[in-house]
Amino acid sequence: MVHIILLGMNHKTAPVEVREQLAVACRKEVNPLHMLPHLEHVEELIYVSTCNRVEFLFTCGSLSEAIAEVKALLRTHVGLPSSVPLDSYLYVHKDLEAVKHLFMVASSLDSMVVGEPQILGQLKEAYRTAVEYRSVKTVLNRLMHKSFSVAKRVRTETCIGSCAVSVSYAAVELARKIFGQIKDKRVLLIGAGEMAELAAEHFLRQGVKTMMVANRTLERAVELAARFKAETVPFAALLEALKAADIVVSSTGAPQPIISYRDIKARMRERRNKPLFFIDIAVPRDIDPKANQIDNVYVYDIDDLQGVIEFNKEERLSQARAAEHIIDEETIKFRNWMESLSVSPTIVSVREKAEKIRQDELRKTFSQLPDLNDRQREAIEILTSSIIKKLLHDPIIFLKKKAQREARAVYMDFTLQLFNLIETIDEVDGAQAESPKAQEPEFFKAAKK
Amino acid sequence: MESFFLVIATLCYLSGTIGYFIYLLKDREVLPRISWTLLLVGALFHGAALVMRAIGMGHFPVTSIREAISLFTWVFVVTYLVIQVKLKLRILGSFVSPLAVIFMVSSRLLPTQAIRTNGSFRSGWLIAHVSSIFLANALFAMLFSLGIMYLLQERGIKKKNFGLLYERLPSLDRIDSLAHVCLMAGFPLMTAGLITGFVYAAMVWRSPWNWDPKEILSVVTWLIYAVLVHERLTVGWRGRRAAWLAIIGFSATVLTFILASLLLAGHHSVISKNFYG
């Protein structure tokens, strides 16, 4: 029996310090997937890493050994000393739980900003990398594709996506509570990232006229500036731009704060104490949170903004429930597919047995009829092959149908006895573990029906 | 008749305050409209009582601290009613109307004993002095209310803990700019009030400065507001500090008004024993 395991940590389970270490690790060049050949018990492996989560999704035969291996891999990859009690930050989801969790992640229900669109792209990227490393096979291949389509379904059928929008909405509302009118205020966008751009767009739509963009890479800055009709600010002159800006939306990938308490304090006098509102979307933070203590300076990070939307929590919860319903539905569908997997070996062995009989009989026939030319031989081959196909067609359809029933085991057992396959199925099972890829098309067909 | 009118006025102010208080908790548009009307009716009765008093005594009704506070309350309420019509900032009423009730009730509790002067209550200088000082203080009381509103709203935003008031209170900028207007209107009036006071003192007591405790405290209060005006205009002081200073300034004003009149010796005082001719 193949198990699907999801092991990892996210913003809910790991404290900021560990997460920040993750954030550093997630910018590493080395991908832990290259270690797959050294993991004896792990069959397929995908490594998902965003700034708020690190997750390993893998399949295995024997649970505890594989989990231990992956934990060790995680520890070495993130570079945590063995003194840090990793286990308390980790969650380990098995089988259906793992599937459900992955669907939740893909649908952005598990994100820090629920509904933010970035996570799906990050998952796709993780999948692409895994394909490059050839670490995904039958099960994870299908699971990942399924998670993408679930995410799409959740996005179109619920308003969960608008929750992320509501974070930017909350930012705009807060700005209104601070500045009153925001039309004549200047917005400075530091760094990029979908959430930050979303917020910037929201400010533009609410009538902000002047926008400035600062980015480490000039090309990106120019690109953003064109999109938001903004002026660009050299990254080096960032602190000077604080004098002119009123609202700062920051989301760089910097490991340390880029604007310190002192930087702001020193510029407040020059600003004649005009209020300055920081929206810090970055993790780790870009703005020293202590700056919030300065008079007329307001620093909000993404958690704070989440707090603001607690106002319409009810609405959000009902959307989340709707999304979870979809996910539960899709999880069950996936379970059915997983279960059909154990039907497939039966079908395969039925076919193999038939094929073996056909080959044997053909060999006998051809040896008795040496005068046949190639065309005639071919005709006989096609004939026998189609007889077998047609003969087995109905039993196979029957088996596939039963694959989703609870009583499946009974039918499988019956089939094995009927075709006298008890010995052969063991062989096939072993063969499948070695090269499941070979049987992939079969599984897909089985699942589609 | 006069005290009956005053009781009606007090009840109107009180019920207006209750209306404004409910409005603070519940966003119903009728509430501030009713409350404003109640304050207006109260002000009309109050005004009528003051006119009766003035006619009855034949001079400006500021001969006792009770009269003075009563008149000040009236000026304050009328100032608010006018500002409300101009600004349409309804929630301000919830913070201003309680002050009106407090002033009104305290004026009933304070002694009626007359301030002894040499009977020059009909002087134009005195009227100018009292009315500009009262108007200035009415604006400063407004500034005090705005300061409290600002601090409440700012606290919510800073602590990221939004209570009931977050939705109800206006933006920080709005409160602050209103406070700015109140300060910039109130400060020249206060200055004018002090100057006319000195002129009046010079006429009555032959000297503009008599080291009267109320004079000293008034100048101290004036200095507090002068600092606030200066800092606002030069370095752009605003927000929390400005709000605190406005609150301190008005507290000092109240202290000046009540303590100096009541307890300390001097010619503004009620119970002063030694009295300049």
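Q: Help me understand the overall build of chain B, please; the structure alone is not making it clear to me.
A: Summing up its helical and strand segments, chain B has 9 helices and 0 strands in all. Beginning at the N terminus, the succession of helices and strands in chain B can be written as α-α-α-α-α-α-α-α-α. For chain B, with 277 residues in total, the buried portion stands at 44%. Considering only contacts within chain B whose residues lie at least 6 apart along the sequence, 77% involve residues at least 24 apart.

Q: Explain the overall build of chain A to me, please; I cannot follow it from the model alone.
A: Check the secondary structure of chain A and you find 16 helices and 10 strands. The proportion of buried residues among the 449 residues of chain A is 42%. At a minimum sequence separation of 6, the contacts of chain A that also span at least 24 residues come to 75%.

Q: What's the story with the sheet that holds strand 2 (residues 42–49) of chain A in this structure? I'm lost.
A: Residue and element names in this part refer to chain A. Taken together, 4 strands build an open sheet; the order of strands is 2-3-1-4 and the sheet is antiparallel. Strand pairing shows two members of the sheet lacking a second neighbour, strand 2 and strand 4 (91–94), which therefore form its edges. Looking at each pair of strands side by side, their axes are set apart by 15 degrees on average, direction ignored.

Q: Just checking my understanding: could you explain the interface of chain B and chain A for this structure?
A: By a frequent convention, interface size equals the accessible area lost on bringing the separate parts together. Facing the 14 residues of chain B at the interface are 17 residues of chain A. Only helix 5 (124–159), helix 7 (172–205) and helix 9 (239–262) of chain B provide two or more residues apiece to the side of chain B that touches chain A. Of the residues in the side of chain B that touches chain A, the class split is 4 nonpolar, 3 polar and 7 charged.

Q: Would you explain the packing of helix 4 (residues 118–132) of chain A against helix 5 (residues 138–157) of chain A in this entry?
A: Two packed helices can be described by the angle between their axes and the distance between those axes. Residue and element names in this part refer to chain A. It is at 11 Å that the axes of helix 4 and helix 5 come closest, and there the two elements cross at 165 degrees. One finds that helix 4 runs roughly antiparallel with respect to helix 5. Of the two possible hands of crossing, helix 4 and helix 5 adopt the one that is left-handed. Where helix 4 abuts helix 5, its residues Leu120, Leu123, Lys124 and Tyr127 lie against Met144, Ser147, Phe148 and Ala151. Taken together, the residues of the contact of helix 4 with helix 5 sort by class into 6 nonpolar, 1 polar and 1 charged.

Q: Can you walk me through the environment of A:Pro289 in this structure?
A: Residue and element names in this part refer to chain A. Following the sequence through the fold, Pro289 ends up in the loop between strand 9 (276–280) and strand 10 (297–301). C-beta crowding within 10 Å serves as the criterion here: with 15 such atoms nearby, Pro289 is assigned to the partly exposed category. Between the C-alpha atoms of Pro289 and Ser260, which are 29 residues apart in sequence, the distance is 8.6 Å. Residues in contact with Pro289, not counting those within four places in the same chain, are Val299 and Asp301.

Q: Would you mind showing me how to read the pairing of strand 8 (residues 247–251) of chain A here?
A: Two faces belong to every sheet, and in a regular strand the side chains alternate between them. Residues and elements named next belong to chain A. The buried fraction of strand 8 is high, at 5 of 5 residues. Side chains Ile247, Val249 and Ser251 of strand 8 all project onto a buried face; the interleaved residues Val248 and Ser250 project onto the opposite face, where all are buried too. Alignment of strand 5 (residues 186–191) against strand 8, held across 5 bridges, turns out to be parallel. Residue pairing across strands places Val187 opposite Ile247, the latter belonging to strand 8. By the bridge criterion, 4 bridges tie strand 8 to strand 9 in an arrangement that is parallel. For Val248, the partnering residue across the bridge sits in strand 9 and is Phe278. Crossover connection from strand 8 via helix 10 (residues 261–268) to parallel strand 9: handedness right-handed.

Q: Is there a simple way to think about the sheet that holds strand 5 of chain A in this case?
A: Residue and element names in this part refer to chain A. Reading across the sheet, the 6 strands line up as 7-6-5-8-9-10 and stay open at both edges, with parallel pairing between neighbours. Of all the strands in the sheet, the pair left with one neighbour each is strand 7 (231–233) and strand 10. The mean inter-strand angle of the sheet, taken between neighbouring strand axes irrespective of direction, is 20 degrees. In this fold helix 8 (residues 218–228) packs onto strand 5, strand 6 (210–214) and strand 7, with an angle of close to 165 degrees to the strand it touches most, strand 6.

Q: Just to check I follow, could you spell out unusual backbone geometry for this structure?
A: Across residues other than glycine, the phi torsion is negative in most instances, and most of the peptide bonds are trans. Residue and element names in this part refer to chain A. With a phi close to 50 degrees, Lys229 is a non-glycine residue in the positive phi region. When you line up the elements, Lys229 lands in the loop between helix 8 and strand 7. If you check the backbone angles, Arg272 has positive phi at about 55 degrees while not being a glycine. Along the chain, the position of Arg272 falls in the loop between helix 10 and strand 9. Residue classification places Arg272 among the partly exposed positions, given that 14 C-beta atoms sit within 10 Å.

Q: What am I meant to see in helix 1 (residues 2–25) of chain B here?
A: Along an α-helix, residues three or four positions apart point the same way, because every turn accommodates 3.6 residues. Between its terminal C-alpha atoms helix 1 of chain B stretches 35 Å, which fits the 34 Å expected from 24 residues at 1.5 Å a residue. For helix 1 of chain B, the complete set of buried residues consists of B:Phe5, B:Leu6, B:Ala9, B:Thr10, B:Cys12, B:Tyr13, B:Gly16, B:Thr17, B:Gly19, B:Tyr20 and B:Tyr23.

Q: Help me understand helix 8 (residues 213–234) of chain B, please; the structure alone is not making it clear to me.
A: Residues and elements named next belong to chain B. Taking 1.5 Å as the rise per residue, helix 8 with 22 residues should run 32 Å; its terminal C-alpha atoms sit 31 Å apart, in good agreement. Buried residues of helix 8: Lys214, Glu215, Leu217, Ser218, Thr221, Trp222, Tyr225, Leu228 and Arg232, and no others. Each buried residue of helix 8 lies within a common arc of 165 degrees when the element is viewed along its axis, so the set occupies one face. In helix 8, those exposed residues whose orientation departs by more than 90 degrees from the buried face are Leu223, His230 and Thr234. Just downstream of helix 8, Gly236 is the residue with a positive phi angle, here 70 degrees.

Q: Would you explain the nonpolar core in this entry?
A: The tendency in soluble globular proteins is for nonpolar side chains to be buried side by side. With 123 residues, the main nonpolar core has A:Leu189 and B:Leu143 as its most contacted residues. For this core, the leading source of residues is helix 5 of chain B, giving 17 residues. The residues touching B:Leu143, leaving out its near neighbours within four places in the chain, are B:Ala179, B:Cys182, B:Leu183, B:Gly186, B:Ala246 and B:Phe250. Residues A:Phe103, A:Met144, A:Val150 and A:Ile160 belong to the second largest nonpolar core, which totals 54 residues.

Q: For this particular structure, what's the right way to read the pairing of strand 2 of chain A?
A: All names here are of chain A. Most of strand 2 sits inside the fold, with 8 of its 8 residues counted as buried. For strand 2 and strand 3 (residues 53–60), the ladder comprises 7 bridges, and the chain directions are antiparallel. Of the residues in strand 3, the one forming a bridge with Ile46 is Leu57.

Q: I tried to follow the environment of A:Phe366 on my own but got confused; where do I start?
A: Residues and elements named next belong to chain A. By the secondary structure assignment, Phe366 is in helix 12 (residues 313–368). Exposure remark for Phe366: the 13 C-beta atoms within 10 Å place this residue in the partly exposed category. Distance in space between the C-alpha atoms of Phe366 and Arg377 is 7.8 Å, their sequence separation being 11 residues. Apart from residues no more than four positions distant in its own chain, Phe366 is found in contact with Leu372 and Arg377.

Q: Could you clarify how one ought to interpret the packing of helix 1 of chain B against helix 4 (residues 92–109) of chain B in this entry?
A: Residue and element names in this part refer to chain B. Relative orientation of the contacting elements helix 1 and helix 4 amounts to 155 degrees, with a least axis distance of 8 Å. It follows from the interaxial angle that helix 1 and helix 4 lie roughly antiparallel. Note that helix 1 runs across helix 4; the crossing there is left-handed. Of the residues in helix 4, those touching helix 1 at Thr10, Tyr13, Leu14, Gly16, Thr17, Tyr20, Phe21, Tyr23 and Leu24 are Gly93, Ser94, Ser97, Pro98, Ala100, Val101, Met104 and Val105. A breakdown of the residues in the contact of helix 1 with helix 4 according to their chemical character gives 11 nonpolar, 6 polar and no charged.

Q: Teacher, can you tell me more about the confidence of the model for chain A here?
A: When pLDDT drops low, the exact placement of atoms in the prediction is not to be read closely. Looking at chain A as a whole, the pLDDT averages 81, with 84% of positions reaching at least 70. A low-confidence stretch, residues 424–449 of chain A (pLDDT under 50), is modelled with 33 contacts involving residues beyond four sequence positions or located in other chains.

Q: What should I look at first to understand the confidence of the model for chain B in this one?
A: Across chain B, the average pLDDT comes to 85, with 89% of residues at 70 or higher. Two summary scores accompany this predicted model of the complex, namely pTM at 0.65 and ipTM at 0.84.

Parameters at a glance
- Residues numbered from 1 in each chain as written.
- Chains lettered and ligands numbered in written order.
- Predicted model: local features only at pLDDT ≥ 70, side-chain atom pairs only at ≥ 80, totals over all residues.
- Helix = DSSP H or I, 4+ residues; strand = E, 2+ residues; numbered from the N terminus.
- Buried ≥ 20, exposed ≤ 12 C-beta atoms within 10 Å, placed from the backbone.
- Contact = placed C-beta atoms within 7 Å.
- Pairing = 2+ DSSP bridges.
- Axes fitted to C-alpha atoms, helices over the stretch in contact; angles between N-to-C directions.
- Nonpolar A, V, L, I, M, F, W, Y, C, P; charged D, E, K, R; others polar.
- Parallel < 35°, antiparallel > 145°, perpendicular 65-115°, else oblique.
- Left-handed = near helix turned anticlockwise from the far one by under 90°.
- Right-handed = clockwise from strand over helix to strand, strands pointing away.
- Expected span 1.5 Å × (residues − 1).
- Arc of directions from axis to C-beta.
- Core = buried A, V, L, I, M, F, W, Y, C linked by C-beta atoms within 7 Å.
- pLDDT = per-residue confidence, 0-100.

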